[in-house]
Amino acid sequence: MNRRRTLDVSHLPTFAFGQRDPLWWGVMGLIVIESTVFVLGLASYFYIRGNHFEWPPSGSDPIIRVLATVNMGLLLLSCLPMHWANTSALKRKLRGMRWGLVLASLLGLAFLAIRIINMQAVGFRWDSHAYGSIFFTLVGLHTVHIIASTLENLVIAAVLFIGPVEEKHLVDVRVNGMYWFFVVASWVPFYVLLFMAPNLFRA
């Protein structure tokens, strides 16, 4: 009679941070895919830019750049409470995770409010010209990421406040923070190209 072979994994931890967690790899895959989309967006921008002498066609109001700069500052500032939430997850400190996510979410909501105002003030539409099309495509793409990330922050924060909080939620906070940092960092090149130096790399 053949003996049934078994593998005892009871000594393994129920959760792990970083590369030892499958969720970490899932989020990393998502970041790679979305980074590819952003790169394709940048390539489209430069391709369209190369076919137009006047760029941007209607010029840009200084208030647009001011609002965009304030928004860039809010995003960078949001990294501080998100870092607080991340380190609190490592230390298993519930208070830091809760309020770190809440503060990052509030900064994300403030960013979205200013972005709406900014988009209404640009003075052109997505279908006004080629610049308007690529401008609203890139800004809209990033706005969707901010909306999704902010909602995710709020959902995880609600779970941490309402409970019950399990060890797997510590991993959720960590990978959520990793994705938030990606969303913030990915906006930097678009901020420079679209608002600060639209004539940069002019042909």
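Cut-off values and rules
Residues numbered from 1 in each chain as written. Predicted model: local features only at pLDDT ≥ 70, side-chain atom pairs only at ≥ 80, totals over all residues. Heavy atoms only, no water. Salt bridge = Lys/Arg side-chain N within 4 Å of Asp/Glu carboxyl O. Helix = DSSP H or I, 4+ residues; strand = E, 2+ residues; numbered from the N terminus. Buried < 20%, exposed > 50% of the residue type's maximum accessible area, 1.4 Å probe, protein only. Core = buried A, V, L, I, M, F, W, Y, C linked by side-chain atoms within 4.5 Å. Axes fitted to C-alpha atoms, helices over the stretch in contact; angles between N-to-C directions. Parallel < 35°, antiparallel > 145°, perpendicular 65-115°, else oblique. Left-handed = near helix turned anticlockwise from the far one by under 90°. Contact = heavy atoms within 4.5 Å. Nonpolar A, V, L, I, M, F, W, Y, C, P; charged D, E, K, R; others polar. 1 Å grid on protein atoms, 1.4 Å probe; cavity = no way out; pocket = protein on both sides within 12 Å on 5 of 7 lines; lining within 4 Å. Points joined across faces, edges and corners; volume = space filled by probe spheres on them. UniProt positions renumbered as here; feature names shortened; annotations may be inferred. Phe/Tyr/Trp six-rings, centres within 6.5 Å; stacked < 30°, edge-to-face > 60°. Lys NZ or Arg CZ within 6 Å of the ring centre and 35° of its normal.

1. A word on the pattern of salt bridges
Thought 1: Tallying each qualifying case throughout the model produces three salt bridges.
Thought 2: Here R92 and E167 are joined by a salt bridge, their closest N and O atoms 3.3 Å apart. With a gap of 75 residues between them, R92 in the loop between α2 (62-91) and α3 (94-121) and E167 in the loop between α4 (130-162) and α5 (168-196) connect regions that are remote in the sequence.
Thought 3: Given the relative accessible area of 36%, E167 is considered partly exposed.
Thought 4: Between E166 and K168 there is a salt bridge, with its nearest N and O atoms 3.9 Å apart.

2. Considering the nonpolar core
Thought 1: Judged by nonpolar contacts, the single largest core of 49 residues is most densely connected at L75, L101, F135, V173, W187, L194 and F195.
Thought 2: The set of elements that each furnish at least two residues to this core consists of α1 (22-49), α2, α3, α4 and α5.

3. Considerations on the packing of α3 against α5
Thought 1: Relative orientation of the contacting elements α3 and α5 amounts to 25°, with a least axis distance of 12 Å. The orientation of α3 with respect to α5, classified from their angle, is roughly parallel. Where α3 crosses over α5, the handedness of that crossing is left-handed. Mapping the contact onto sequence places M97, L101, A104, G108, R115, N118 and M119 in α3 and L170, V173, N176, W180, W187 and F195 in α5.
Thought 2: Residues that form the contact of α3 with α5 fall into these classes: nine nonpolar, three polar and one charged.

4. What to know about unusual backbone geometry
Thought 1: The peptide bond linking G163 to P164 adopts the cis configuration, its omega dihedral lying at -5°.
Thought 2: Mapped onto the elements, P164 comes out in the loop between α4 and α5.
Thought 3: Here R92, not a glycine, exhibits a phi torsion of approximately 60°, which is positive.

5. Section: empty space enclosed by the protein
Thought 1: Evaluation of the coordinates by the stated rule reveals two cavities of 30 Å³ or more.
Thought 2: Of the volumes computed, that of the second largest cavity is approximately 40 Å³.
Thought 3: As for the second largest cavity, its lining consists of A68, N71, R115, N118, M119, W187 and F195.
Thought 4: Contributions of two or more residues to the lining of the second largest cavity are made by α2, α3 and α5.
Thought 5: The greatest single-element share of the lining of the second largest cavity, amounting to three residues, is contributed by α3.
Thought 6: Taken together, the residues of the lining of the second largest cavity break down into four nonpolar, two polar and one charged.

6. A short note on the UniProt feature "transmembrane region" (unreviewed entry) in the chain
Thought 1: When the UniProt feature table is mapped to this numbering, "transmembrane region" (unreviewed entry) covers residues 23-48, 63-84, 96-114, 134-165 and 177-197.
Thought 2: Segment residues 63-84 splits into 100% helix and 0% strand. End C-alpha atoms: 32 Å apart.
Thought 3: Annotated as 91% helix and 0% strand, the span residues 134-165 places its first and last C-alpha atoms 43 Å apart.

7. Some points on the packing of aromatic side chains
Here a ring pair, both rings aromatic, is described through the centre-centre distance and the interplanar angle of the planes.
Thought 1: Tallying each qualifying case throughout the model produces 14 aromatic pairs.
Thought 2: Ring centres 5.4 Å apart and planes at 90° place the aromatic pair Y45 and F46 in the edge-to-face group.
Thought 3: Taking the relative accessible area as the measure of exposure, F46 reaches 32% and is therefore partly exposed.
Thought 4: Summarising the aromatic geometry, the rings of F124 and F136 are spaced 5.9 Å apart at their centres and angled 90° between planes, so their arrangement reads as edge-to-face. Of the two residues, F124 sits in the loop between α3 and α4 while F136 sits in helix α4, which places them 12 residues apart along the sequence.
Thought 5: Looking at F136, the relative accessible area reads 24%, which means it is partly exposed.
Thought 6: One residue, R115, lies across the ring of W187, its end atom 4.3 Å from the ring centre.

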